[in-house]
Amino acid sequence: MGHLMERHLIKHVLDGDGPGVGDTVTVAGWVRTRRDSKGGFSFLELHDGSVFRSLQVVAPAELPNYHSEVLRLTIGSSVAVTGELVESPGAGQAVELRASEITVYGYADPEAYPLQKKRTSLERLREIAHLRPRTNTIGAVARVRNALAYATHRFYQERGFLYLHTPMITTSDAEGSGEMFQVTTLDLEALPRGAEGAVDYDEDFFGRRAYLTVSGQLEAESYALALDRVYTFGPTFRAENSNTRRHLAEFWMIEPEAAFFDLDDNARLAEDYLKYLTGYVLEHCEEDLAFFARWIDEGVLDRLTAVTERPFERITYTEAIEILQKADAAFEFPTTWGSDLQSEHEVYLAEQAFDRPVVVTDYPADIKAFYMRRNDDDTVAAMDVLVPGVGEIIGGSQREERLDVLADAIERHGLDPDLYWWYLDLRRFGTAPHSGFGLGFARMVAFATGMQNLRDVVPFPRTPRNAEF
RNA sequence: UCCGGGGUAGCUCAAUCGGCAGAGCAGCGGGCUGUUAACCCGUGUGUUGUGGGUUCGAGUCCCACCCCCGGAGCCA
């Protein structure tokens, strides 16, 4: 073969924006099926991940390795094919590749290869996460995920936000977002002990307890209060024993943080961002979305279109409680002012009450994090964005920029002010109003594809008792 | 972590009241020979999640544990 760098991606062959009918092309990829047809030759369906569709290859019996190799090709085998691109006489595809040379790189023993032509359940695919990107579904998820990541950078870069890398290791153990994974180089079989038997963390790598971060927000605030607008896009970790389709122990989050943004600016940014993402995948992932609409979630296109075109609903927490109290629905949890919104409440608001994304603002201070800006009443300038199907996809707030009020809040939440000396410094020196939010990227991928379980939209998901791959 | 449902052939599943564990798909052999989840004929497949118990006899009933799925909580 010799010229693999010059091969064509199947996407360009099928789109006709590369080689045309009559051209000689080389493609390479994996066999999805082989059909030995009624003319003494074979059809191969070849996919290379560049596009949803596969390319039909016609393999004539005259190929020197037809009997010895081509007839041994089964699903999962890898090949390179050179041939002439011709109009297809059959239905189902406009063009096909009439092979003049087929190089086999690797067979996939059909007795042992876990993927078959039949549909394999998503649960089963999780057990073979290293092979599942070869399936239609997971391949399409990967392309949509990539598009959403690219669109994220474009959105923020176009608006003057600076991409910031915040640390994955942190020593502040009270960012208020659940259990954290501890990071240590201590020998757990022989821990250094102090006088009273407590572990002596002075011996540890950082000289104190350290953890994997649950958020880059606090560090992002530091840069927002210097460079005006920043965003992070990186991994975060939660050691909660969460066993649901909406939680992962490791997930990526996008956290914009902007100086001189109030809560209203923040909510508008969140809405613009979500609309940009849905609009982007509608425009650039048509084939993949059509597959999801056909096999995964028939409402996905309407939902993405609605998000893109219709304004979000904007209500306060207090209004949300009033709506829930008047609702003709039996809720398991109370809907009294002061209690947090439960999943059933969020579902009701986003699906029954409004059937569109809902931004809920101004929650009771007692149920929200210490850094959220105190309003004149007992609420804080927090906001959650709830979307149909997924629930909470964004959580954010205007941050408390007043030194004395922030110090009070730290105290009230039972946190140690000494640990936040540098965070308080940001209010001590040139403080400014600022706001930000976090978007769970996997939840966004789920929302955009209609996939139900976050374990299927992350390449190698980490959940309690699961880190095989 | 709590509640509910599951774990049977490579995959998807069935198995009545406790009574010989069996279908489809895939694989393999043959036929057909421009197919599109190809089709037709033939063919093999088991530590029934693990350990214990009840019983003449357990996939089925009982106990413990492991794992998976869904819901809840925590949250993004």
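Everything discussed here concerns the structure shown above.
In this text the structure is predicted, and so the values were computed from the model without any measurement. (Residues numbered from 1 in each chain as written. Chains lettered and ligands numbered in written order. Predicted model: local features only at pLDDT ≥ 70, side-chain atom pairs only at ≥ 80, totals over all residues. Heavy atoms only, no water.)

Undergrad: Looking at this model, I keep getting lost on the overall build of chain A. Mind explaining?
TA: The helix and strand inventory of chain A stands at 12 helices and 16 strands. Seen along its three principal axes, the alpha-carbon backbone of chain A occupies a region of about 85 × 60 × 45 Å. Put simply, chain A has 469 residues, and 50% of those count as buried. Of the contacts formed within chain A by residues at least 6 apart in sequence, a portion of 67% connects residues at least 24 apart. About 22700 Å² of surface is accessible on chain A, with carbon and sulfur atoms providing 49% of the total. A gap of 6 Å separates the mean positions of the 47 positive and 75 negative side-chain charges of chain A. (Helix = DSSP H or I, 4+ residues; strand = E, 2+ residues; numbered from the N terminus. Buried < 20%, exposed > 50% of the residue type's maximum accessible area, 1.4 Å probe, protein only. Contact = heavy atoms within 4.5 Å. Areas by Shrake-Rupley, 256 points an atom, 1.4 Å probe, with all protein chains shown as cover. Lys, Arg positive; Asp, Glu negative; His and termini not counted. Charge placed at Lys NZ, Arg CZ, Asp CG, Glu CD.)

Undergrad: Could you clarify how one ought to interpret the packing of aromatic side chains in this entry?
TA: Aromatic ring pairs are defined here through the distance separating the ring centres and the angle between the ring planes. On inspection of all chains with the given rule, the structure shows 23 aromatic pairs. On the numbers, 6.1 Å between centres and 70° between planes, the contact of phenylalanine 370 with tyrosine 423 is edge-to-face. Highlighted residues: phenylalanine 370 in the loop between β13 (358-364) and β14 (379-387) and tyrosine 423 in helix α11 (residues 421-428), separated in sequence by 53 residues. Owing to a relative accessible area of 3%, phenylalanine 370 belongs among the buried residues under this scheme. Of the residues examined, tyrosine 423 reaches a relative accessible area of 0% and is grouped as buried. Counting every residue linked through ring pairs, the aromatic cluster contains Phe155, Tyr156, Phe161, Tyr163, Tyr231, Tyr273, Tyr276 and Phe437. The ring of tyrosine 107 has arginine 72 lying over it, and the distance from NZ or CZ to the ring centre is 4.1 Å. Lying across the ring of tyrosine 363, lysine 368 places its NZ or CZ 4.2 Å from the centre. (Phe/Tyr/Trp six-rings, centres within 6.5 Å; stacked < 30°, edge-to-face > 60°. Lys NZ or Arg CZ within 6 Å of the ring centre and 35° of its normal.)

Undergrad: Looking at this structure, I do not really get the pattern of salt bridges. What am I missing?
TA: When the charged atoms of two side chains with opposite charge come close together, those side chains can pair. Counted according to the given criterion, the structure contains 24 salt bridges. Its salt-bridge partner being arginine 98, residue glutamate 96 comes within 3.7 Å of it at the nearest N-O pair. As a salt-bridge pair, arginine 402 and glutamate 400 come within 2.7 Å of each other at their nearest N and O atoms. Look at arginine 402 and you get partly exposed, because its relative accessible area is 27%. (Salt bridge = Lys/Arg side-chain N within 4 Å of Asp/Glu carboxyl O.)

Undergrad: Sorry if this is basic, but what is going on with the sheet that holds strand β8 (residues 182-183) here?
TA: Pairing between sheet strands relies on hydrogen bonds along the backbone, with the strands arranged either parallel or antiparallel. Taken in spatial order, the three strands line up as β7-β9-β8 in an open sheet, and their pairing is antiparallel. The open sheet is flanked by β7 (169-170) and β8, the only strands paired with a single partner. Where β8 lies against strand β9 (residues 210-212), two bridges are found, and the strand directions are antiparallel. Bridging from a neighbouring strand, valine 183 pairs with alanine 210 of β9. (Pairing = 2+ DSSP bridges.)

Undergrad: Which parts of the structure should I look at to understand helix α9 (residues 343-353)?
TA: Taken together, the buried positions of α9 are occupied by His345, Glu346, Tyr348, Leu349 and Ala350. Residues of α9 that are buried make contact with β12 (313-316), α8 (317-326), β13, β14 and β15 (391-398). In the stretch just after α9, aspartate 355 is the one whose phi turns positive, near 50°.

Undergrad: Even after reading the chapter, I still don't get the environment of phenylalanine 260, so can you show me in this structure?
TA: Examined against the element boundaries, phenylalanine 260 turns out to sit in the loop between β11 (250-259) and α5 (263-284). Owing to a relative accessible area of 57%, phenylalanine 260 belongs among the exposed residues under this scheme. Distance from phenylalanine 260 to proline 433, taken between C-alpha atoms, is 5.0 Å for residues 173 residues apart in sequence. Not counting the four nearest positions on each side in its chain, phenylalanine 260 is found in contact with Asp228, Asp265, Ala432, Pro433 and His434.

Undergrad: What should I look at first to understand the sheet that holds strand β10 (residues 229-237) in this one?
TA: Across the sheet, which stays open at both edges, the eight strands sit in the order β6-β10-β11-β16-β15-β14-β13-β12 with mixed pairing between neighbours. The open sheet has two edge strands, β6 (162-163) and β12, and neither has a second partner. Pairing geometry for β10 and β11, over nine bridges, is antiparallel. Residue pairing for β11: glycine 234 is matched across the bridge by methionine 253. Across the sheet, α5 touches β11, β12, β13, β14, β15 and β16 (434-440), and the angle it forms with β16 is around 30°. Lying over the sheet, α8 contacts β12 and β13, oriented at roughly 95° with respect to β12. (Axes fitted to C-alpha atoms, helices over the stretch in contact; angles between N-to-C directions.)

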